[in-house]
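Each chain, letter by letter, is given below.
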Amino acid sequence: MSDLNIQGVGMTSQRTRDRLIDRLQKKGISHPEVLRIMRFVPRHLFVDEAMASRSYEDASFPIGHGQTISQPYIVARMTELLLESESLENVLEVGTGSGYQAAVLGPLVKDLHTVEVLTPLYRQARDLLYKLGYRNIRTHLGDGSWGWPDAAPYDAIMVTAAPDEMPAALVQQLKIGGRMVIPVGSQNSEQILQVVTRTSESEYQVKSHDSVVFVPLVSQ
Ligand code: SAH
């Protein structure tokens, strides 16, 4: 862990992080646990070194391979929506990317499984989350549009890339009463953040929330 500057200095310091939290509160994020955790997760370690000084802006940034680290407001918003689940023992994230969303969600759940389809991003996030001391986050390499059947069913699922339509396999891996937060819509049109609650073996309810922009959920 010694090679990581977790605390940060200057534009990556705790004061800069605190200012981001103030901004999130002004934008309507109110869940105390989400705010508490985002206050200490070192986002500057999840972006390219060249971007570190801007890492506490409320913006998304490229992380290589055509992918992006989500904007902190969206991370906070999706986490808040997921926390309305009845239970958060076993949770799945699809689209590990930088690992930042996993680092925010991890401390709020018992076990977090996260799946990434691109090998270099998978490796980088796996190593960083391990170095930062997370031991309840299991990183997996694979196509998460099929979920991660080995650890299903889940109390909650968060998808951080956008499919054109809701992938049926993901709903099937939710426990009854479980919920999934997912941006749905094509790249050329508006994507909508949806909360899907599985109400029975064969039924689910969908509630639409914010309009968002995500990279596509690829299907192999
Ligand atoms: N949660 C991430 C956001 C990353 S962007 C973060 O906090 O940084 C979305 C990620 O989803 C990208 O890394 C992309 O490679 C990945 N992705 C796209 N389609 C996928 C799929 N079918 N299965 C798993 N990951 C996928």
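See the structure above.
For clarity, every value in this text was computed on a predicted model and none was experimentally measured.

Some points on the layout of surface pockets
(1) Moving on: Empty space within the largest pocket amounts to approximately 560 Å³.
(2) Moving on: The wall of the largest pocket is formed by 35 residues, among which Q67, T68, T160, A161 and V215 lie closest to the centre.
(3) Moving on: Breaking the lining of the largest pocket down by element, the ones donating at least two residues are β2 (67–69), α3 (72–82), β3 (90–94), α4 (100–105) and β4 (111–116).
(4) Moving on: Here the lining of the largest pocket gets three residues from one element, more than from any other, and that element is β2.
(5) Moving on: Residues that form the lining of the largest pocket fall into these classes: 18 nonpolar, 14 polar and three charged.
(6) Moving on: In this structure, the second largest pocket occupies an estimated 380 Å³ of space.
(7) Moving on: Around the second largest pocket, the lining comprises 17 residues; the ones closest to its centre are L45, F46, V47, Q124 and L128.
(8) Moving on: Element by element, the count of residues in the lining of the second largest pocket is highest for helix α5 (residues 119–131), at six residues.
(9) Moving on: Taken together, the residues of the lining of the second largest pocket break down into nine nonpolar, four polar and four charged.

Side note on the sheet that holds β3
(1) Moving on: With mixed pairing, seven strands are arranged side by side in an open sheet as β5-β4-β3-β6-β7-β8-β9. Across the chains shown, the open sheet's two edge strands, defined by having one partner strand only, are β5 (137–141) and β9 (204–212). Taken over all neighbouring pairs, the strand axes of this sheet differ in orientation by 15 degrees on average, direction set aside.
(2) Moving on: Pairing geometry for β3 and β4, over five bridges, is parallel. Each residue of the ladder has a partner; that of V94, found in β4, is V115.
(3) Moving on: Those strands touched by α5 are β4 and β5, and its axis lies near 165 degrees from that of β5.

Brief notes about the nonpolar core
(1) Moving on: By size, the foremost hydrophobic cluster in this structure holds 48 residues, and its most contacted members are L24, M38, V41, F46, V91 and Y100.
(2) Moving on: Contributions of two or more residues to this core are made by α1 (14–26), α2 (32–40), β1 (61–64), α3, α4, α5, β6 (154–159) and β8 (191–198).
(3) Moving on: It is α3 that contributes the most residues to this core, seven residues altogether.
(4) Moving on: Apart from residues lying up to four places away in sequence, Y100 is in contact with M38, V41, R43, F46, I69 and V75.

Cut-offs applied
- Residues numbered from 1 in each chain as written.
- Predicted model: local features only at pLDDT ≥ 70, side-chain atom pairs only at ≥ 80, totals over all residues.
- Heavy atoms only, no water.
- 1 Å grid on protein atoms, 1.4 Å probe; cavity = no way out; pocket = protein on both sides within 12 Å on 5 of 7 lines; lining within 4 Å.
- Points joined across faces, edges and corners; volume = space filled by probe spheres on them.
- Helix = DSSP H or I, 4+ residues; strand = E, 2+ residues; numbered from the N terminus.
- Nonpolar A, V, L, I, M, F, W, Y, C, P; charged D, E, K, R; others polar.
- Pairing = 2+ DSSP bridges.
- Axes fitted to C-alpha atoms, helices over the stretch in contact; angles between N-to-C directions.
- Contact = heavy atoms within 4.5 Å.
- Core = buried A, V, L, I, M, F, W, Y, C linked by side-chain atoms within 4.5 Å.
- Buried < 20%, exposed > 50% of the residue type's maximum accessible area, 1.4 Å probe, protein only.

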